[in-house]
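# Notes for the structure review
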Amino acid sequence: MAATGGASHRRILFASLVGTAVEFYDFYIYATAAALVFGPLFFSSESASVQLMLSYASFGLAFIARPVGAILFGHFGDRIGRKSTLVASLVLMGASTVAIAFLPTYAQVGWVAPLLLCVLRLGQGLGLGGEWGGASLLAVENAPEGWRNRFGMFPPLGAPVGFIAANGFFLLLGVFLTEEQFLAWGWRLPFLASAVLVGLGLWVRLKLTETPQFLEAAKTEALPKVPIATLLRDHFRATLAGTVSVIACFATFYLATAFAMGYGTTELGHSREAFLAIELAAIVFLAAGIVIASILADRVGAGRMLGWGFAGTIAVGLLLGPMLGATSLFVVWLWLALALFVMGFAYGPLGGWLPSLFPAGVRYTGTSMAFNLGGIVGGGLAPMIAQALADRGGLGQVGLYLVAAGVLSLFSLIILPRSRRLD
C-alpha cells in the first residue's frame, strides 16, 4: 500500500472510529447517569425502583427515535453521499448531548424537567440513527480486497473506546467529588465534555472525500429516488435478517453495563466507584472479542463468527443469575468480562457483514435501519424489562431474557441463503 494510500486509510479508519466512539460515549454517559442520578433528579416518585424504571424509560426513547434517524440520514446518505450526512448526524447528536448538561431538575421546574430531558434524548436518538451505519460504510467502502471485516471492525471498536471514556470520567468524579457535589453539578460535566469529542470528530470528517463505491453508484445512476421504499420492496429479507442479528449484541451490552450498574449499586449494595472500576476492567474483553472475531471473519466468514457470538450469548444468559447476583465482586467481574467478550463476536463482524447485505444505492439506509430497529428490541427496552423481571422473579428471569435474545439472533442466520449467511 502506497504511503499516501496508507495515510488516507488511517484517516478514514480514525474518522469511522471517532464518530462511533463519540456515539457510545454520549449514549453511555446517559445510560450511566440514568442508572445513578436521573431517577431522583428528574422523576417524581416515592419508590426508588419506579424512579429507576422511569429513568430507564427515558433512556429507551432514543431507540424509538433511531429508526426515524436511520430513514432521514439514510435517505441523504444514499442520495447525496456519506461524508456530508455523517457530519450532520454528528452535529445533531453532539448538540443534544451537550444541552443535557444545562437542564434544570424536577425540584427546580417540575414536569418541564423530564420533558426537556426526553426531548433531548430524542434528539440524541435521531443523530445516532445515522451514525453507526454511515461510519461502517465509510470504512467498508474504502477497504482493500480481503480486508472488509478488519476495516469494518473500527466502528464497533468505538463502543469500548466510548465506554472507557464515559466510565472513566464518572469514576474520576466519584474519586474527586463528594456525593452531594456529584448530585448537585458533577454529573453534568461528562455531558459538557462531549463538545470536545464532537469537535474532534468534525475536524476529521470534514477532511474526508466521498467513498469510491458511492461515487461508482452515482456514476452508473444506481441511486434510487426513495431509498427506504426500494429497500422495503426489494431487500426486505436482508433487512429482516440484519435487524434480528443485532438483538443479541445490544441486549448483552446494556444488560452488562446499564442494568448491571443500576442493580449492582442498589440491590447488591456495591459502591458506585467499585462497580465502575470492574466494568472498566471488563470492557477490555469487548475490544479483544471485536478484534479477534473481525480478523477471523476475513478468513472464515463473518456469518460463522456471528453464529459463535449468538450461541455464546445463550450461554452467558444462563450464567447471569448465579454470577451477576454473587456477593463477590470478582465473580461479578468474571461474568461481565465473559459477557462482553462474547458480545465482541456478536458485534465486531456486524461492521463488515451488515453493509454486505445491501447494494450501494440503499446501503446507508439498509445498514442503519437494521442496526437501529434491532437496537429497539435488544437495547432500548433491555434495562427497563430487566429491572421489571428482576423485581418480579429475580436475576434468573433476566438471564432468560438474554437467552431469548441469543436465540432470536441465531434465527437471523437462517433467514438468509447459505452463501449470504456465511459471507
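Residues numbered from 1 in each chain as written. Predicted model: local features only at pLDDT ≥ 70, side-chain atom pairs only at ≥ 80, totals over all residues. Heavy atoms only, no water.

### A few points about a nonpolar patch on the surface
On the surface, Phe 102, Trp 185, Leu 189 and Leu 192 cluster together into a nonpolar patch covering about 410 Å² of accessible area. Locating Leu 189 in the fold gives a position in helix 10 (residues 189-205). (Patch = residues over 30% accessible without salt bridge, like charges linked within 9 Å, V, L, I, M, F, W, Y side chains within 5 Å. Areas by Shrake-Rupley, 256 points an atom, 1.4 Å probe, with all protein chains shown as cover. Salt bridge = Lys/Arg side-chain N within 4 Å of Asp/Glu carboxyl O. Helix = DSSP H or I, 4+ residues; strand = E, 2+ residues; numbered from the N terminus.)

### Side note on the side chain of Asn 167
Secondary-structure assignment places Asn 167 in helix 8 (residues 154-176). What makes Asn 167 buried here is its relative accessible area of 0%. If sequence neighbours within four positions are ignored, Asn 167 has contacts with Tyr 28, Thr 32, Leu 276, Glu 279 and Leu 280. (Buried < 20%, exposed > 50% of the residue type's maximum accessible area, 1.4 Å probe, protein only. Contact = heavy atoms within 4.5 Å.)

### Section: the packing of helix 2 (residues 48-79) against helix 5 (residues 112-129)
Viewed as axis vectors pointing N to C, helix 2 and helix 5 meet at an angle of 40°, and their least axial separation amounts to 6 Å. As summarised for this structure, helix 2 and helix 5 are arranged oblique, according to the angle between their axes. Here helix 2 runs over helix 5; the crossing is right-handed. On the side of helix 2, the interface is formed by Ser 58, Phe 59, Leu 61, Ala 62, Ala 65, Arg 66, Val 68, Gly 69, Ala 70 and Phe 73, while helix 5 contributes Leu 117, Cys 118, Arg 121, Leu 122, Gly 125, Leu 126, Gly 127, Leu 128 and Gly 129. Residue composition of the contact of helix 2 with helix 5, grouped by class: 12 nonpolar, 5 polar and 2 charged. (Axes fitted to C-alpha atoms, helices over the stretch in contact; angles between N-to-C directions. Parallel < 35°, antiparallel > 145°, perpendicular 65-115°, else oblique. Left-handed = near helix turned anticlockwise from the far one by under 90°. Nonpolar A, V, L, I, M, F, W, Y, C, P; charged D, E, K, R; others polar.)

### Notes on the packing of helix 2 against helix 13 (residues 236-266)
How two helices sit against one another is set out by the angle between their axes and by the gap between those axes. Two numbers describe how helix 2 lies on helix 13: the axes approach to 13 Å, and their chain directions differ by 160°. By the angle class used here, helix 2 and helix 13 are roughly antiparallel. As for the relative orientation of helix 2 and helix 13, their crossing is right-handed in sense. Here helix 2 contributes Tyr 56, Phe 59, Phe 63 and Arg 66 to the contact with helix 13, which in turn contributes Phe 250, Tyr 254, Ala 258, Phe 259 and Gly 262. Class assignment for the residues of the contact of helix 2 with helix 13 results in 7 nonpolar, 1 polar and 1 charged.

### Topic: the nonpolar core
Of all hydrophobic cores here, the largest spans 119 residues; its most connected members are Phe 38, Phe 253, Trp 335 and Tyr 347. Top contributing element to this core by residue count: helix 13, with 18 residues. When neighbours within four sequence positions are excluded, Tyr 347 is seen to be in contact with Phe 24, Trp 132, Pro 155, Pro 156, Ala 159, Cys 249, Ile 290 and Phe 371. In terms of nonpolar packing, the next biggest core, distinct from the first, is built from 8 residues, Leu 137, Val 204, Leu 208 and Tyr 364 among them. (Core = buried A, V, L, I, M, F, W, Y, C linked by side-chain atoms within 4.5 Å.)

### With respect to helix 13
Spanning 31 residues, helix 13 covers 43 Å between terminal C-alpha atoms, matching the ideal 45 Å at 1.5 Å per step. Where helix 13 bends most, at Ala 260, the angle is about 45°. With respect to burial, helix 13 is a largely interior element, 26 of its 31 residues being buried. (Expected span 1.5 Å × (residues − 1). Bend = angle between axes of the 7 residues up to and from the residue.)

### Some remarks on the pattern of salt bridges
Using the criterion set out here, one finds 9 salt bridges in the structure. Of the charged contacts in the structure, one is a salt bridge between Arg 66 and Glu 23, with a shortest N-O distance of 3.2 Å. Here Arg 66 is found in helix 2, whereas its partner Glu 23 is found in helix 1 (residues 3-42), with 43 residues between them in sequence. A relative accessible area of 1% means that Arg 66 is categorised as buried. Notably, a salt bridge pairs Arg 363 with Glu 141, separated by 2.9 Å at the nearest N-O pair. On the criterion of sequence distance, the pair formed by Arg 363 in helix 18 (residues 363-380) and Glu 141 in the loop between helix 6 (131-140) and helix 7 (148-152) is long-range, its members being 222 residues apart. Arg 363 gets classed as buried once you look at its relative accessible area, which sits at 12%. Shared partners join several salt bridges into a network, and the residues in it are Asp 78, Arg 82, Glu 141 and Arg 363.

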